[in-house]
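Spelled out from the first residue to the last, the chains are:
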Amino acid sequence: MYPATEPTDDVLVAAAAAGDEAAFEALFNRHRRQVARIAGRFFAQREQIEEIIQDAFTKLYFALHTYHGTHEASFKAWLAQITVNACYDQLRRVRRRSEQNLGELTETETKDFSSQLRVAASDVETALVSRDLALKLLTRLSAEDRLVLTLLDVEGFSVAEIAEMTSWSISKVKVRAHRARAHLRKVLCKYV
Amino acid sequence: MFKRNSQNDEHLDRAGKIVLRAAAADEQEIERAAAAPFLFTRVRARIAEQLRENESGGWQSLPLIAWRAIPAMALVASIAGGLMLWSGSSANAPSAAITTVGFGMYEDALTDTNDPGVEQTVLSRNNLSHEDVFDMVIERGVVENKK
């Protein structure tokens with residue numbers, strides 16, 4: 001166990017890479033909330049977030065020997081990158097599964113959603129959009145669109161940060177964000 | 001007109017941000033997921049499973065190898081079948097009644113199901129019968145016994 005001495009992330013990574021399971025557990029306990037928070041931006045259900053936590057830490061374990069941290073924020077940024085990639089993979093899987101079920105909203109859902117969006121668009125502070133309806137609508141976006149828009153508009157990352165996280169070029173992030181926004185507008189204009 | 005379009009886009013972008021935020025989990029759900037029981041045990045189990053899968057990579061790649069090998073094997077089998085049919089039809093030709101197939105062996109000797117091919121070849125090349133051979137074997141046995 002490592003709670004008393006509080007070693008840095010880099011020390012724990014080195015120990016975990018050398019086979020120290022307690023060091024890996026210490027890393028897990030220290031950062032699982034960060035991973036859950038990122039996963040929570042993409043997935044609403046607890047089970048899905050738990051799945052991402054497991055997936056991200058499994059990927060982290062097998063990539064430990066590739067980590068070469070140099071400053072305090074390195075490990076956090078690296079873990080965020082792994083988590084975002086795990087979320088992206090999961091979004092693609094979910095999208096593949098739900099591709100056949102991309103039906104239109106029911107008449108009642110459309111009415112509810114339209115009124116919610118009108119209020120939301122005019123008064124952001126009091127906006128309250130149903131999560132189920134929002135999730136249903138967002139299945140129409142590709143995994144890439146959803147990823148880039150969430151990172152830009154919900155998490156508030158810069159284009160450069162997203163490029164680093166996704167290993168895409170800056171121009172690809174910009175183009176993808178532009179297309180994703182256009183796509184989301186197209187989806188929403190039916191209801192606003 | 002352009003102003004109206006850009007206003008409309010802004011309006012939709014605002015709505016889009018709200019939809020994206022609405023689709024996210026709330027803090028309680030995030031906290032519950034992060035504090036889920038046995039989460040680290042499940043991570044360890046997944047790592048162990050992946051390690052096992054990596055070790056048994058040979059077994060898992062077998063279906064892929066089979067998938068690639070089946071067409072090649074089918075091709076070889078069809079070529080072999082074709083050659084067999086071709087050689088069968090040429091053996092039935094009248095001119096091939098007694099033909100050698102290499103190493104001085106007669107084709108009849110090789111295709112005769114009653115006698116072993118080599119025996120038949122030796123007998124036919126030396127104008128011997130089975131009785132002659134039998135006598136030779138007996139004589140050799142008697143000589144060796146006298147020694």
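Parameters at a glance
- Residues numbered from 1 in each chain as written.
- Chains lettered and ligands numbered in written order.
- Predicted model: local features only at pLDDT ≥ 70, side-chain atom pairs only at ≥ 80, totals over all residues.
- Helix = DSSP H or I, 4+ residues; strand = E, 2+ residues; numbered from the N terminus.
- Buried ≥ 20, exposed ≤ 12 C-beta atoms within 10 Å, placed from the backbone.
- pLDDT = per-residue confidence, 0-100.
- Core = buried A, V, L, I, M, F, W, Y, C linked by C-beta atoms within 7 Å.
- Contact = placed C-beta atoms within 7 Å.
- Nonpolar A, V, L, I, M, F, W, Y, C, P; charged D, E, K, R; others polar.
- Arc of directions from axis to C-beta.
- Axes fitted to C-alpha atoms, helices over the stretch in contact; angles between N-to-C directions.
- Parallel < 35°, antiparallel > 145°, perpendicular 65-115°, else oblique.
- Left-handed = near helix turned anticlockwise from the far one by under 90°.

Draft legend 1. Expanded view of the overall build of chain A. A count of helical and extended segments in chain A gives nine helices and zero strands. Reading the helices (α) and strands (β) of chain A from amino to carboxyl end gives α-α-α-α-α-α-α-α-α. Taking all 192 residues of chain A together, the buried fraction comes to 35%.

Draft legend 2. Inspection of the overall build of chain B at higher detail. Per the secondary structure count, chain B includes seven helices and zero strands. Counting across all 147 residues of chain B, residues that qualify as buried make up 12%.

Draft legend 3. A look at the confidence of the model for chain A. Per-residue pLDDT for chain A has a mean of 85; in total, 85% of the residues score no lower than 70. Here helix H5 (residues 107–122) of chain A is the element of chain A with the lowest mean pLDDT, 70, and helix H3 (residues 46–63) of chain A is the one with the highest, 96.

Draft legend 4. Representation of the nonpolar core in the model. Counting 62 residues, the largest nonpolar core has A:Ala39, A:Ile49, A:Ile52, A:Ile53 and B:Val19 as the members making the most contacts within it. If we ignore the near neighbours within four places in the chain, the residues touching A:Ile53 are A:Arg32, A:Val35, A:Ala36, A:Ala39, B:Ala33 and B:Leu39.

Draft legend 5. Expanded view of the confidence of the model for chain B. Residue and element names in this part refer to chain B. Averaged over all residues, the pLDDT of chain B equals 74, while 65% of them reach at least 70. When pLDDT is averaged over each helix and strand of chain B, the minimum, 54, is found for helix H5 (residues 107–111) and the maximum, 93, for helix H2 (residues 27–34). For this predicted complex, the interface confidence comes out at an ipTM of 0.79, alongside a pTM of 0.66.

Draft legend 6. A look at the interface of chain A and chain B. On the side of chain B, 29 residues touch chain A, which itself brings 39 residues to the contact. When contributions to the side of chain A that touches chain B are tallied by element, the ones reaching two or more residues are helix H2 (21–42), H3, H5, helix H6 (131–138), helix H7 (143–154) and helix H9 (170–188) of chain A. Residues that form the side of chain A that touches chain B fall into these classes: 24 nonpolar, four polar and eleven charged.

Draft legend 7. Examining helix H1 (residues 9–17) of chain A more closely. All names here are of chain A. The complete set of buried residues in H1 reads Asp9, Leu12, Val13 and Ala16. Each buried residue of H1 lies within a common arc of 100 degrees when the element is viewed along its axis, so the set occupies one face. A positive phi of about 105 degrees marks Gly19, the residue just after H1.

Draft legend 8. Broad picture of the packing of H1(A) against H2(A). All names here are of chain A. Contact pair H1 / H2: the axes reach a minimum separation of 7 Å and the direction vectors enclose 140 degrees. When the interaxial angle is binned, H1 and H2 end up oblique. In this structure, the crossing between H1 and H2 has a hand that is left-handed. On the side of H1, the interface is formed by Asp9, Leu12, Val13, Ala15 and Ala16, while H2 contributes Ala23, Phe24, Ala26 and Leu27. Class assignment for the residues of the contact of H1 with H2 results in eight nonpolar, no polar and one charged.

Draft legend 9. Region of interest: unusual backbone geometry. At A:Ser167, a position not held by glycine, the phi torsion is positive, near 60 degrees. Note that A:Ser167 resides in the loop between helix H8 (159–166) and H9. Despite not being glycine, B:Phe38 has its phi angle at roughly 60 degrees, a positive value. Here B:Phe38 is to be found in the loop between H2 and helix H3 (39–55). We classify B:Phe38 as exposed; it has 9 C-beta atoms within 10 Å.

Draft legend 10. Representation of H6(A) in the model. The set of residues buried in H6(A) consists of A:Leu133, A:Ala134, A:Leu137 and A:Leu138. The buried side chains of H6(A) occupy one side of the element, clustering within an arc of 130 degrees when seen end-on.

Draft legend 11. Structural context of the packing of H7(A) against H9(A). Residue and element names in this part refer to chain A. Two elements in contact, H7 and H9, have axes whose closest approach is 9 Å; the angle formed by their N-to-C orientations is 100 degrees. In terms of axis orientation, H7 runs roughly perpendicular to H9. Residues Glu144, Asp145, Val148, Leu149 and Leu152 of H7 pack against Val173, Arg176, Ala177, Ala180, Arg181, His183 and Leu184 of H9. For the contact of H7 with H9, a count of residues per class yields seven nonpolar, one polar and four charged.

Draft legend 12. Representation of the environment of A:Ala182 in the model. All names here are of chain A. Among the secondary structure elements, Ala182 is positioned in helix H9. The exposure class assigned to Ala182 is partly exposed, which follows from the 13 C-beta atoms found within 10 Å. In the structure, Ala182 is positioned 37 residues away from Asp145 in sequence and 9.9 Å away in space, judged by C-alpha atoms.

Draft legend 13. Just the environment of A:Thr139, in detail. Relative to the helices and strands, A:Thr139 is located in the loop between H6 and H7. Residues A:Thr139 and A:Arg96 lie 43 residues apart in sequence; the distance between their C-alpha atoms is 9.9 Å.

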